[in-house]
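Examination of the molecular architecture
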Amino acid sequence: MSSKKQVQPHAFNLPLVGVETHAHLDFPEFAEDLDQVLRRAAQTGIAWIGNIFLSPDAYQTHAPLLSQKTGLFFTLGVHPHEAVTVNEDVLADMEQLFREDDNLRAVGEIGLDFYRHRSPPDVQIKAFQNQLALTRDLELPVVIHSREAEEETLRILQDMGFKGRQLLWHCFGGSPDLAAKILAQGWHVSIPGTVTFPNNTNLREAVTKIPLSRMVLETDCPFLTPHPFRGKRNEPARMAYTAAEIAKLKGEGLEKIWTECAATAEKFFSLPA
Ligand SMILES: [Zn+2]
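Residues numbered from 1 in each chain as written. Predicted model: local features only at pLDDT ≥ 70, side-chain atom pairs only at ≥ 80, totals over all residues. Heavy atoms only, no water.

For the rest of this paragraph, the subject is the coordination of the zinc ion. Looking at the metal site, the zinc ion is ligated by H22 (NE2), H24 (NE2), E109 (OE) and D220 (OD), spaced 2.1 to 2.5 Å from it. Coordination at the zinc ion is irregular: its four donor atoms span angles of 87 to 174° at the metal. Read in sequence order, the donor residues coordinating the zinc ion give the pattern H-x1-H-x84-E-x110-D. Like H24, H22 is buried. (Donors = N, O, S within 2.8 Å, 3.2 Å for Na, K, Ca; no water. Tetrahedral: all angles 85-135°; square planar, octahedral: opposite > 155°, others 65-115°. Buried < 20%, exposed > 50% of the residue type's maximum accessible area, 1.4 Å probe, protein only.)

Along the chain, S119 turns up in the loop between β4 (104-113) and α4 (121-138). For S119, a relative accessible area of 0% puts it in the buried group. There is a polar contact of 3.4 Å between the side chain of S119 and the backbone nitrogen of V84. Discounting chain neighbours no more than four positions away, the residues touching S119 are P80, H81, E82, A83, V84 and Q124. (Helix = DSSP H or I, 4+ residues; strand = E, 2+ residues; numbered from the N terminus. Polar contact = N/O pair within 3.5 Å; in protein donor to acceptor, adjacent residues only side chain to side chain. Contact = heavy atoms within 4.5 Å.)

This structure, assessed with the given rule, holds nine aromatic pairs. On the basis of an interplanar angle of 80° and a centroid distance of 5.4 Å, the ring pair of F53 and Y59 is categorised as edge-to-face. Across the pair, exposure class does not vary: F53 and Y59 are buried alike. Relative to F269, the ring of F73 has its centre 4.7 Å away and its plane inclined at 45°; by these criteria the two rings are tilted. Placement of the pair is F73 in strand β3 (residues 72-76) and F269 in the segment after α9 (254-268), with a sequence separation of 196 residues. The exposure classification of F73 matches that of F269, with both residues buried. (Phe/Tyr/Trp six-rings, centres within 6.5 Å; stacked < 30°, edge-to-face > 60°.)

Once that is clear, we can look at the nonpolar core. Of all hydrophobic cores here, the largest spans 72 residues; its most connected members are L25, L132, L157, F172 and I191. Sort the elements by how many residues they give to this core and α4 lands first, with six residues. Apart from the residues within four sequence positions on either side, L25 is in contact with F30, L34, V37, L38, I49, N51, L72, C221 and P236. Grouped together as the second largest cluster of nonpolar side chains are twelve residues, V19, A106, L168 and A262 included. (Core = buried A, V, L, I, M, F, W, Y, C linked by side-chain atoms within 4.5 Å.)

Backbone torsion omega between G108 and E109 reads 10°, so that peptide bond is classified as cis. For E109, the position within the fold is in strand β4. Of note, the amide linkage connecting H227 to P228 takes the cis form, showing an omega dihedral of 5°. Structurally, P228 is set in the loop between β8 (215-217) and α8 (239-250). Unlike most non-glycine residues, N13 shows phi in positive territory, near 60°. As for its placement among the helices and strands, N13 is situated in the segment before β1 (18-23). The phi torsion at E139 lies on the positive side, around 55°, for a residue other than glycine.

Below, the structure is given as structure tokens:
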């Protein structure tokens, strides 16, 4: 495909029901053209976008503007990279924000990242456990970030009694084996644009085995841009390419993937129909 002839996402002609479960629209990458980004998302059939705030500060700075836009819902959690910042004050701030804003639908992304190690492992584990305890108190769903730390993440979640709770494993990039372990706990899996990379054989095989009743779609934008836009800024509209690839891998229609993953996400985040 020549770069001039790339299909525009809205050319997929998808119904306006899609749910993009993981975006970082408060990042500086979107400061210039947020309204155009949201327009392209709607033109592509995205009815809801979940914006993931990575700290109470990020929420307080950016939620006032984002709350004015239609079709956005929020989650809030301190990312494992910033685990050193989690203390009693931050946890109390989070709890208050969750009690004040109904549009905050889940705690997260929280978890462990032993790939970049920006916070020491023991600090990450403590911050993760404390935010999981808050999640339980608030009786909210949770969005998990886990990189190079799958076994430790699973162990902590099991120890803290999360089996059968509303849990979404964000940016799933693992094997069919890991998917099976997550599904066996009653949890959900979120598939990013990396599924479009031909050499991502583990993930591509896993996707064929995850039922749509447990699968949602995400971009993690501005990161993880799907083929054929790799290297460019990612944005919610590009999620159509991820859905198209999943349709191909599963041997299903694109519209079916789009609507059923949306229904799963709507239920998970209790979005208004
Ligand atoms: Zn993220």
